[in-house]
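An overview of the molecular structure
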Amino acid sequence: MLWQFYNTIREIEATFRTLRTDLDLRPIYHKNDDSTMAHLNLGLLAYWVVNTVRYQLKKQDIHSGWREIVRTMNTQKTVTTLAQNIDDQVIMIRRCSEPNQQVLKLYDALKFKYAPLKKKKYVVHKYELQDCQSIEQQPFLSG
């Protein structure tokens, strides 16, 4: 029984370490009680989501840690493509890459769609694309 408590606490601490990095949950930014409480609530909400996902995966006999789940899911990317048509309009197309077998296994276990985003196509005005680099260099969270 004591060993189970130890492993549970160890698992919670490892998850919070990953969440602090991924969500930038650092208490040093807070100067008042309200922002500290918001920090705690966000951290607990994030842990609740992680715990729910891991519980659903364990029911499907997938016992990966949160860091491994994030690493696996980060293999599927959102791709943004920009093109200019003959009317001098910029067309932006966003779609998800094809998931690999490990990602498909997680999607099936969680009953999620294989492509979290549907293909989206926009006409973007040039003045909105002044900083085109920000689209190409979006940071991805890593586990």
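Criteria and thresholds
Residues numbered from 1 in each chain as written. Predicted model: local features only at pLDDT ≥ 70, side-chain atom pairs only at ≥ 80, totals over all residues. Heavy atoms only, no water. pLDDT = per-residue confidence, 0-100. Contact = heavy atoms within 4.5 Å. Axes fitted to C-alpha atoms, helices over the stretch in contact; angles between N-to-C directions. Helix = DSSP H or I, 4+ residues; strand = E, 2+ residues; numbered from the N terminus. Left-handed = near helix turned anticlockwise from the far one by under 90°. Buried < 20%, exposed > 50% of the residue type's maximum accessible area, 1.4 Å probe, protein only. Arc of directions from axis to C-beta. Salt bridge = Lys/Arg side-chain N within 4 Å of Asp/Glu carboxyl O.

1. Details of the confidence of the model for the chain
Per-residue pLDDT for the chain has a mean of 79; in total, 80% of the residues score no lower than 70. Confidence drops under a pLDDT of 50 for residues 133-143, and excluding neighbours within four residues, the segment shows 17 contacts in the predicted structure.

2. Describing the packing of helix H3 (residues 66-73) against helix H4 (residues 101-110)
Where H3 contacts H4, the axes come no closer than 9 Å and their chain directions differ by 115°. Note that H3 runs across H4; the crossing there is left-handed. Residue-level contacts link Ile-69, Thr-72 and Met-73 of H3 to Gln-102, Val-103, Leu-106 and Tyr-107 of H4.

3. Observations concerning H3
Turning to H3, its buried residues number three or more, namely Trp-66, Ile-69, Val-70 and Thr-72. The arc that holds every buried residue of H3, seen down its axis, measures 165°, which confines them to one face.

4. Remarks on the side chain of Thr-72
Turning to its location among the elements, Thr-72 is positioned in helix H3. Of the residues examined, Thr-72 reaches a relative accessible area of 6% and is grouped as buried. The residues touching Thr-72, leaving out its near neighbours within four places in the chain, are Gln-102, Val-103 and Leu-106.

5. A word on the pattern of salt bridges
Pairing between side chains becomes possible if they bear opposite charge and their charged atoms approach one another. Summed over all chains, the structure comprises three salt bridges. A salt bridge links Glu-11 to Lys-58; the nearest nitrogen and oxygen atoms lie 3.4 Å apart. Of this pair, Glu-11 sits in helix H1 (residues 2-22) while Lys-58 sits in helix H2 (residues 33-59), and the two are 47 residues apart along the sequence. Judged by relative accessible area, which is 33%, Lys-58 ranks as partly exposed. Glu-68 is the partner of Arg-71 in a salt bridge, and the nearest nitrogen-oxygen pair spans 2.7 Å.

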